[in-house]
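A closer look at the structure
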Amino acid sequence: MSRPVFRFAPSPNGYLHLGHAYSALLNARMAAESDGHLLLRIEDTDESRSRPEFVKAIFDDLAWLGLSWEEPVRVQSQHFADYHANLMRLWNMGAIYPCFCSRKQALARSLPVRDPDGQPHYGGACRALPRHEAEALIARGNVFGWRVGMNQLGDPQAAVWGDAMIAKRHAGSSYHIAVVTDDALQGVTDVVRGKDIEPATPLHMLLQRLLGLPAPRYLHHDLVRDAEGRKLSKSIASTSLRQLRAAGATPDGIRHQLGLA
Ligand code: GLU
């Protein structure tokens, strides 16, 4: 039997905090226990938020924690062509369509339902654009993103995600298409990630089915919370691993604190 493949896939838009450490250490433990591989992937498709110093910090902080991973590390911003190829396949099968609406226009045309990312369901007209018109708009340089034609697909996720955006305007790609593409390309068998991403998993599985990709096993772990019970995030400036380290924390101490010693 081939060895399982795990991955830790942070986005370099802030410093890693204890929640990331938990996820990384849990992946490492599960990989070790199953004689599996552990990959590290840098998910930097959101070029407006990713910064090189955060990429560097990911490597430093994980090494400090005592983790090691297999080379080469896949850096998503170097693989936009792979995401584009899958987007074209999905477009050719009529599963996604380009949406030319600005944020404001999409909002004005939205339905009174929000998706798990907090975005209102799209109710606009772009899904009805004939392909040749859409192609002409693209050829003229109009900015667009890609939406899943969830209602046309008749998928139960229509009620949850609506016509979700899977590749953003002003970005070569976005999280949903990139993560599905890479998990398949890298032969990932086990996706172990936080419960915060769990609502996206049915969307990822739908993309896998459409693209004929194997579905990994999914495990969504509990989130590490701060003293006030809030989930840790970069946005509430949760104590980063580097701050903890500067304050005298040790890798062993952190492993103990997280129950992964
Ligand atoms: N890059 C995502 C994040 O940092 C995680 C992706 C995943 O594990 O599927 O939130």
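Before any of the text, the structure's been laid out above.
Notes on the structure in this doc start here. Keep in mind it's a predicted model, so treat the numbers as computed, not measured.

Soluble globular proteins tend to pack their nonpolar side chains together in the buried interior. In this structure, Leu90, Ile96 and Ile166 are the most contacted members of the largest nonpolar core, which totals 32 residues. Going through the elements one at a time, α3 (80-92), β4 (96-99), β5 (145-148), α7 (158-161), β6 (165-167), α8 (175-185) and α9 (201-211) are the ones with two or more residues in this core. Among the elements that take part in this core, α3 stands out by supplying five residues, more than any other. Non-local contacts of Leu90, meaning those with residues more than four positions away in its chain, are made with Ala95, Ile96, Ile166, Ile177, Leu207, Leu210 and Leu211. Counting residues in hydrophobic clusters, the runner-up holds 28 residues, among them Phe8, Ala24, Leu241 and Leu258.

Going from Glu71 to Pro72, the amide bond is cis rather than trans, its omega being -5°. Tracing the backbone through its elements, the reader meets Pro72 in strand β3 (residues 70-75).

What follows covers the environment of Phe59. Along the chain, Phe59 turns up in helix α2 (residues 52-65). For the pair formed by Phe59 and Leu40, sequence separation is 19 residues and the distance between their alpha carbons is 9.3 Å.

How each quantity is defined
- Residues numbered from 1 in each chain as written.
- Predicted model: local features only at pLDDT ≥ 70, side-chain atom pairs only at ≥ 80, totals over all residues.
- Heavy atoms only, no water.
- Core = buried A, V, L, I, M, F, W, Y, C linked by side-chain atoms within 4.5 Å.
- Buried < 20%, exposed > 50% of the residue type's maximum accessible area, 1.4 Å probe, protein only.
- Helix = DSSP H or I, 4+ residues; strand = E, 2+ residues; numbered from the N terminus.
- Contact = heavy atoms within 4.5 Å.

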